[in-house]
Amino acid sequence: MPRSAALEAELAMQACGRRPEHLLQMLIRLQEVFGHLPPEALTRLAAVLGLPRARIEGVAGFYSFLHTRPVGRYRLLFPDNIIDRMLGVPRLMDRICRNLWIEPGLLSEDGLVSADTTSCIGMGDQGPSMLVNGRSLTALDDARADALCERIRAGEPLSAWPAEWFAVADNIRRRDMLLSAPPVPGEALAAAQARGRAAWLDEMHASGLRGRGGAGFATARKWQACRDAAGERRVVVCNADEGEPGTFKDRVLLTRMADAVFEGMTLAAWAVGADQGFLYLRGEYRYLRAPLQAVLEARRSAGLLGHHIRGVDGFDFDIEIHLGAGAYVCGEESALLESLEGRRGTPRIRPPFPVTHGYLGRPTVVNNVETLAACCLVAIHGGAWFAGHGSAASSGSKLLSVSGDVARPGVYEYPFGVRVREVLDDAGAVDTLAVQLGGAAGIMLAEHEFDRRIGFEDLPTAGALMVFDGRRDPFEVAANFVRFFAHESCGFCTPCRVGTQLLAGYMDKLAAGNGSFRDLADIEWLDRLLKNASHCGLGSSAPNPVIDGLRNFRPAFERRLKNADFQPAFDLDKALERARQMTGRDDAEAHLDNSPERP
Amino acid sequence: MMETAHFLLDGVAVPFAEGQTILEAARAAGRYIPHLCWHPDFPPHGSCKLCIVAVGGRHLSACATPAVDGAVVASDVPEINAERRALLQMLFVEGNHFCPSCEKSGLCQLQALASELGMTTPRFNHFYPDRPVDASHPDVLLDFNRCIYCELCVRASRDQDGKSVFALTNRGIHKHLVVNAESGRLGDTDFAADDVAAGICPVGVILRKRVGFAVPIGSRTYDTRPISAVSMDREEP
């Protein structure tokens, strides 16, 4: 393999067009060929692209799904979100690892298989799931787990595995304005073009549509700022890096309404005068790439993409799909742009904002999948019609990804303003203790808050709604999210890089029953520092689960404390165990008694 | 009312020119704001967060925040200095910093700033990361144990030396420096002891060989003057 590595690197580049901004895509492709990224391939890539090798190594090391060391021919990744844990994924992981005689995190000696955990893979409504060589396997049970071990031992390629193992159900449980009437391809574009560019943007202003990614910035204002920014070659980016734990509604939109998403991008391009578009697809959803490419191809054939769209002179716009490779932070729009440019996904200093300095410094609009799909409704029915739905400051509808302790997990679309309790009732939630709204970065609600309403006036959310009933421990939920942020921190700024790690350490200490009141005070101090000093939203959101946990479920934390002002994280006596073993001693003098009672 | 635009830094008016950041304007006015990753020869980086200041209730990086007329900025106040101390403590515990035996003691900005801000304990548990040193280069030693990820060497080597000898790889707490060679060894790069990057490390990662203790500890730059004074003359120790 190493002999041909250089050559294959060359080939991968031919296919990608040899531009530095394609570096990440090239690395992904190289890894498809080799299983991992051998050192000599990175060296060859550097030479051909004219980039420093160290920069390429920097990018290759940033993304969880890129491997600079050999991995198994079968790479098993088990999602570790709290919902996955509740669904029994850790037990299945243990079963599969025992069956295959492997240890998580290590490569089997024969190089056949490696297993590890990963962040939420967007399958929280699919029963226990996992990734095998980047493909999602759903509805895992013991029988399926044992059967897949057999196939791995037999070296059977994934293409020969039963198709139903990879089936991803859409689980649409409630439809409203968006899901109930997918537009005919071209319908929205025709309506917007009939209005003319300026009037179409006016219509967007009238709609009151706000971004569905969580921050809720007015979409029309973003578009206008981009349109009015100085610069050439504007860009429209669809953020399909749906990485927030517990969310999967974009997966369903991209599966069922890809045309509407691409048409929304084209509508944005029409408004701002962009000629280049990107859909940044999270690596976990790479199985959607081929069907999405097919939709793009069909749209080109129908004159809905490419030159002179729908016969309009000067309206040229096309869309490329870029894959992510396992980095939650790339959902942050400036980190996403860095990643699109083939760099490490480190959030930029803002200002300047992407609308003026985005992709390659050009004016760029970055919108969420759901926002773009909703634009089609504005184009077809008009801004006033759209603004008539939902609530005063939150027009339209919201897709919610509902998972956890509910009878019917899946995607629910409601007009904005719906109460949390109504969603819980519809999903068949019983004895609900807590609701985590907006993913790990969101907020944890207790029962007395279930009558609050979803919308920018009260509970803004990107749409993940994870439900926990009376059997669950809010501390475990918070600890899971804290570990998630520690794993996903890009490491750029000090507070997030170290602070998320410290927080995880405190949660581990509490989990082990070694906590003290002083630890809770330290946790609250770290929470404030992360909120105040972090470079981007990841760091400032990281303490949310703990802040809410302490606010609403403090007893769940406090019952893990030893009743002491200070409790060391380590056991002095235990630390001497190795010395005792080496000296063959176990007498009283070889022990330390660090209990406070002893004088 | 003053004619030029100005903001209030800890109650004192600081004039600024359009486009200047809070840190630049403060510095030009002879006012020190702590920093580690900022350097006058480079654009703001904003990673260390030591230059954090409070502006209207929000805590922002002074190096990356444009000065605004009439803004009220708090820097040398207990709340902000407490956050800075915590950030310093974080930098100390995530690496391996043994000041008493370090070749850069007295010439190290991290140590000097900890002294300036009254950081007396590491407070948090040490991470004790395993970071091998690289002694492969004939004239320069790399001791990664002390890296604070300011990327000044990355930037200096790329933007001033035109070599791109350094880069960061991995992410989160596993982020670390790499050099531009397949072997991963500095000796296999075109790095030279007279590169700008060789002299820019604010801590003790990049060390010239054979000069470690030429000046004894105790009579070095920050042993005799605080960093708040030294920093206003020039950046390198």
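Residues numbered from 1 in each chain as written. Chains lettered and ligands numbered in written order. Predicted model: local features only at pLDDT ≥ 70, side-chain atom pairs only at ≥ 80, totals over all residues. Heavy atoms only, no water.

(A) Geometry of the overall build of chain B. Within chain B, the secondary structure is distributed over six helices and nine strands. Considering only C-alpha atoms, chain B reaches an extent of 60 × 40 × 35 Å along its principal axes. The contacts of chain B with a sequence gap of at least 6 include a subset with a gap of at least 24, amounting to 62%. Of the roughly 10,100 Å² of accessible surface on chain B, 53% is carried by carbon and sulfur atoms. For chain B, the distance from the average site of its 22 positive side-chain charges to the average site of its 28 negative ones is 4 Å. (Helix = DSSP H or I, 4+ residues; strand = E, 2+ residues; numbered from the N terminus. Contact = heavy atoms within 4.5 Å. Areas by Shrake-Rupley, 256 points an atom, 1.4 Å probe, with all protein chains shown as cover. Lys, Arg positive; Asp, Glu negative; His and termini not counted. Charge placed at Lys NZ, Arg CZ, Asp CG, Glu CD.)

(B) Representation of the pattern of salt bridges in the model. All names here are of chain A. Counted according to the given criterion, the structure contains 59 salt bridges over all chains. A salt bridge links Glu-21 to Arg-19, with the shortest nitrogen-to-oxygen separation between them at 3.1 Å. Given the relative accessible area of 35%, Arg-19 is considered partly exposed. One connected set of salt bridges, linked through shared partners, spans Glu-449, Arg-452, Asp-458, Asp-548 and Arg-551. (Salt bridge = Lys/Arg side-chain N within 4 Å of Asp/Glu carboxyl O. Buried < 20%, exposed > 50% of the residue type's maximum accessible area, 1.4 Å probe, protein only.)

(C) Just the side chain of A:Glu332, in detail. All names here are of chain A. Within the fold, Glu-332 resides in the loop between strand 8 (318-323) and helix 14 (333-340). What makes Glu-332 buried here is its relative accessible area of 17%. Look past the residues within four positions of Glu-332 in its chain and what remains in contact with it is Pro-347 and Arg-350.

(D) Broad picture of helix 2 (residues 78-94) of chain B. Between its first and last C-alpha atoms helix 2 of chain B spans 24 Å; for 17 residues at 1.5 Å apiece the expected length is 24 Å, and the two agree. Where burial is concerned, most of helix 2 of chain B is hidden: 13 out of the 17 residues are buried. (Expected span 1.5 Å × (residues − 1).)

(E) The arrangement of the domain arrangement of chain B in detail. Residue and element names in this part refer to chain B. Here the domain parsing of chain B yields domain 1 (6-76) and domain 2 (86-233). Each of domain 1 and domain 2 has a C-alpha centre, and these two points are 24 Å apart. Contact with domain 1, which involves 17 residues of that partner, is made by 22 residues of domain 2. Note on domain 1 versus domain 2: buried area summed over both sides is about 1,600 Å², and carbon and sulfur give 68% of it. On the domain 1 side of the interface with domain 2, the three residues burying the most area are Tyr-32, Leu-36 and Phe-42, jointly 45% of the side's total. Where domain 1 meets domain 2, there are zero salt bridges. Run the count over domain 1 and domain 2 and you get five residue pairs in polar contact (both at pLDDT 80 or more). For the side of domain 1 that touches domain 2, the class distribution of residues is eight nonpolar, five polar and four charged. (Domains from an automatic or database assignment. Buried area = accessible area lost by both parts, 1.4 Å probe. Polar contact = N/O pair within 3.5 Å; in protein donor to acceptor, adjacent residues only side chain to side chain. Nonpolar A, V, L, I, M, F, W, Y, C, P; charged D, E, K, R; others polar.)

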